Amino acid sequence: MIVTIDGPAGAGKSSVARKLADSLGFAFLDTGAMYRCVTLQCLERGVDLNDAGRVVEIARQCEIEFRDKGVFANGVDVTDAIRDVAVSSSIKLIADNTEVRELMVKAQQMWAIGKDAVTEGRDQGTVVFPAAECKIFLTASAEERAARRCRQLHAMNKEADYEAILAAQRERDHHDTSRPVGGLVAATDATHVNTDCLSEEQVLDRLIAIVRSKQEVPNSVERSNPYPNDLSKQGEPEVGNGVA
Ligand code: DC
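This report concerns the structure included in the present document.

Brief notes about the overall build of the protein chain
Logical step 1: Summing up its helical and strand segments, the protein chain has nine helices and eight strands in all.
Logical step 2: Out of the 244 residues belonging to the protein chain, those deemed buried represent 48%.
Logical step 3: Across the protein chain, contacts joining residues at least 24 apart in sequence account for 76% of those joining residues at least 6 apart.
Logical step 4: When the accessible surface of the protein chain is split by element, carbon and sulfur atoms take 50% of a total near 11900 Å².

Details of helix 2 (residues 31-44)
Logical step 1: In a regular helix each residue adds 1.5 Å, so 14 residues correspond to 20 Å; helix 2 covers 20 Å between its end C-alpha atoms and thus fits that length.
Logical step 2: Buried residues dominate helix 2, accounting for 11 of its 14 residues.
Logical step 3: If you check which residues of helix 2 are buried, you get T31, A33, M34, Y35, R36, C37, V38, T39, L40, Q41 and C42.
Logical step 4: At the N-terminal boundary of helix 2, the capping side chain belongs to D30, with an oxygen 3.2 Å from the backbone nitrogen of G32.
Logical step 5: Phi turns positive, to about 65 degrees, at G46, one or two residues after helix 2.

Points about the pairing of strand 7 (residues 134-139)
Logical step 1: Among the six residues of strand 7, six are classified as buried, and the element is accordingly described as predominantly covered.
Logical step 2: The side-chain alternation of strand 7 yields two buried faces, one formed by C134, I136 and L138 and the other by K135, F137 and T139.
Logical step 3: In terms of strand pairing, strand 1 (residues 2-6) meets strand 7 through four bridges, oriented parallel. Bridge pairing in strand 7 places V3 opposite C134.
Logical step 4: Sheet topology note: the strand 7/strand 8 (residues 191-194) ladder contains four bridges and is parallel. Residue pairing in the sheet places F137 in a bridge with H192 of strand 8.

Considering the site of the ligand
Logical step 1: Contacts to the ligand come from 15 residues, most closely from T31, R36, R101, R122 and D123.
Logical step 2: In this structure, a nitrogen atom belonging to the ligand sits 2.8 Å away from a side-chain N or O atom of D123.
Logical step 3: Computed on the free molecule, the ligand has an accessible area of 440 Å², of which 94% lies beneath the protein chains in the complex.
Logical step 4: With four residues, helix 2 is the largest single contributor of residues to the shell around the ligand.
Logical step 5: Taken together, the residues that form the shell around the ligand break down as three nonpolar, four polar and eight charged.
Logical step 6: The residues that make up the shell around the ligand include at least three from each of domain 1 (1-26 + 116-220) and domain 2 (31-114).

Here's the deal with the pattern of salt bridges
Logical step 1: Taken as a whole and assessed by the stated rule, the structure comprises 16 salt bridges.
Logical step 2: One connected set of salt bridges, linked through shared partners, spans D96, R122, D176 and R179.

Focus on the sheet that holds strand 3 (residues 64-67)
Logical step 1: Across the sheet, three strands lie side by side as 3-4-5; this open sheet has antiparallel pairing. The two strands at the open ends of the sheet, each matched to only one other strand, are strand 3 and strand 5 (76-77).
Logical step 2: Two strands pair when backbone bridges link them, and strand 3 and strand 4 (residues 70-73) are joined in this way by four bridges, in the antiparallel orientation. Note on strand 4: the bridge partner recorded for R67 is G70.

Some points on the packing of helix 2 against helix 5 (residues 98-112)
Logical step 1: Look at helix 2 against helix 5: their axes get within 11 Å of each other, and the N-to-C directions meet at 135 degrees. As far as their axial angle goes, helix 5 and helix 2 are oblique. Between helix 2 and helix 5 the crossing geometry is right-handed. Across from T31, M34, Y35 and V38 in helix 2, the residues of helix 5 making contact are V100, R101, M104, A107 and Q108.
Logical step 2: Taken together, the residues of the contact of helix 2 with helix 5 sort by class into six nonpolar, two polar and one charged.

Comments concerning the packing of aromatic side chains
Logical step 1: Evaluation of the coordinates by the stated rule reveals zero aromatic pairs.
Logical step 2: Here R67 stacks its cationic end above the ring of F72, 3.8 Å away from the centre of that ring.
Logical step 3: Positioned above the aromatic ring of W111 is the side chain of K115, whose terminal nitrogen or guanidinium carbon lies 4.5 Å from the ring centre.

Rules used in this analysis
- The numbering scheme is per chain: residues are counted from 1 as the chain's sequence reads.
- Only residues with pLDDT of at least 70 are given local features in this predicted model, and only at 80 or more are side-chain atom pairs given and counted; all residues enter the totals for whole chains, interfaces and linings.
- Each side-chain value is derived from all of the structure's non-hydrogen atoms; neither hydrogens nor water enter the calculation.
- Each helix corresponds to a stretch of at least 4 residues labelled H or I by DSSP, and each strand to a stretch of at least 2 residues labelled E; elements are numbered beginning at the N terminus.
- Relative accessible area decides the class of each residue, using a 1.4 Å probe on protein chains only: under 20% of the type maximum gives buried, over 50% gives exposed, and in between gives partly exposed.
- Contacts are residue-level and defined by heavy atoms, with any inter-residue pair within 4.5 Å sufficient.
- Methods summary: accessible areas were calculated by the Shrake-Rupley approach with a probe of 1.4 Å, and residue burial reflects only the protein chains presented.
- Expected helix span is given by 1.5 Å per residue-to-residue step, counting one fewer step than there are residues.
- Counting of polar contacts relies on pairs of N or O atoms within 3.5 Å, with two restrictions inside protein: one atom must be capable of donating a hydrogen and the other of accepting it, and residues adjacent in sequence are counted only when both atoms are side-chain atoms.
- Any two strands with at least two DSSP bridges between them are considered paired.
- For this description, a residue counts as near a given molecule or strand if any of its non-hydrogen atoms is within 4 Å of it.
- Note on residue classes: Ala, Val, Leu, Ile, Met, Phe, Trp, Tyr, Cys and Pro are nonpolar, Asp, Glu, Lys and Arg are charged, and everything else, Gly too, is polar.
- Each domain span listed reflects an automatic or database assignment of domains.
- Any carboxyl oxygen of Asp or Glu that lies within 4 Å of a side-chain nitrogen of Lys or Arg is treated as forming a salt bridge with it.
- Between N-to-C directions, angles cover 0 to 180 degrees, with each direction set by a line fitted to C-alpha atoms, over the stretch in contact for helices.
- When describing relative orientation, an angle under 35 degrees is termed roughly parallel and one over 145 degrees roughly antiparallel, while 65 to 115 degrees is termed roughly perpendicular and anything else oblique.
- Left-handed describes a crossing whose near helix is turned anticlockwise from the far helix through less than a right angle; right-handed describes the clockwise counterpart.
- For Phe, Tyr and Trp, where Trp contributes only its six-membered ring, two rings pair if their centres lie within 6.5 Å, and the inter-plane angle classes them as stacked under 30 degrees, edge-to-face over 60, or tilted in between.
- We call a charge positioned above a ring when the Lys NZ or Arg CZ atom is no farther than 6 Å from the ring centre and deviates by at most 35 degrees from the ring normal.

Structure (structure tokens):
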């Protein structure tokens, strides 16, 4: 079974998606980490991020692996490096690149073959796994997400300007939703969960209940072919563009 979790930045997707996967005994795919790996590789090699063709070359050569809870790019542990502010502030040029997206989508579909998995991102229920058995769209208001970010920063003894964080949040939302390919949008058959007044534990309980309810419904889609869109066109992942 494939469970997709999409939603805006700061809605708490990553942490709850990982916990959901652990609770279900499913594999977990953090697709944002993949775009982050490509961004980091570009920055490390001094690639002009506006040079779309060169960025695609880097993406093609980027072998991404998820080992335990760590992320490796071309054999190097980049788990922390991909969370760097420099990566976050440059990533839109990579995530907006249509060819990079095609490579990532293909790698994500290949990774999922034969797996029970929770995948998390922006386009999982719409573009990557349109026939997923369970789709969740996780949201929270921009105000709540900004307030949570402030609390996280305060907990780390860092300064937090609520208005600035809220403005940045709105800007990111606008960018994520207006991306022409793979833009953030809820799949029509996704179950919406608003986390505004819920603790992480409550969100997790709700998600588990949603997955369980879908597991009880017999699915007409063949387990071995949940990607009706274009899997027939897909061969083995190209060298240097796999995700393991
Ligand atoms: O979820 P995240 O913050 O780690 O994602 C990093 C960036 O990657 C974010 O700006 C949106 C983009 N992204 C995307 O375009 N498609 C995905 N499936 C996942 C992330």
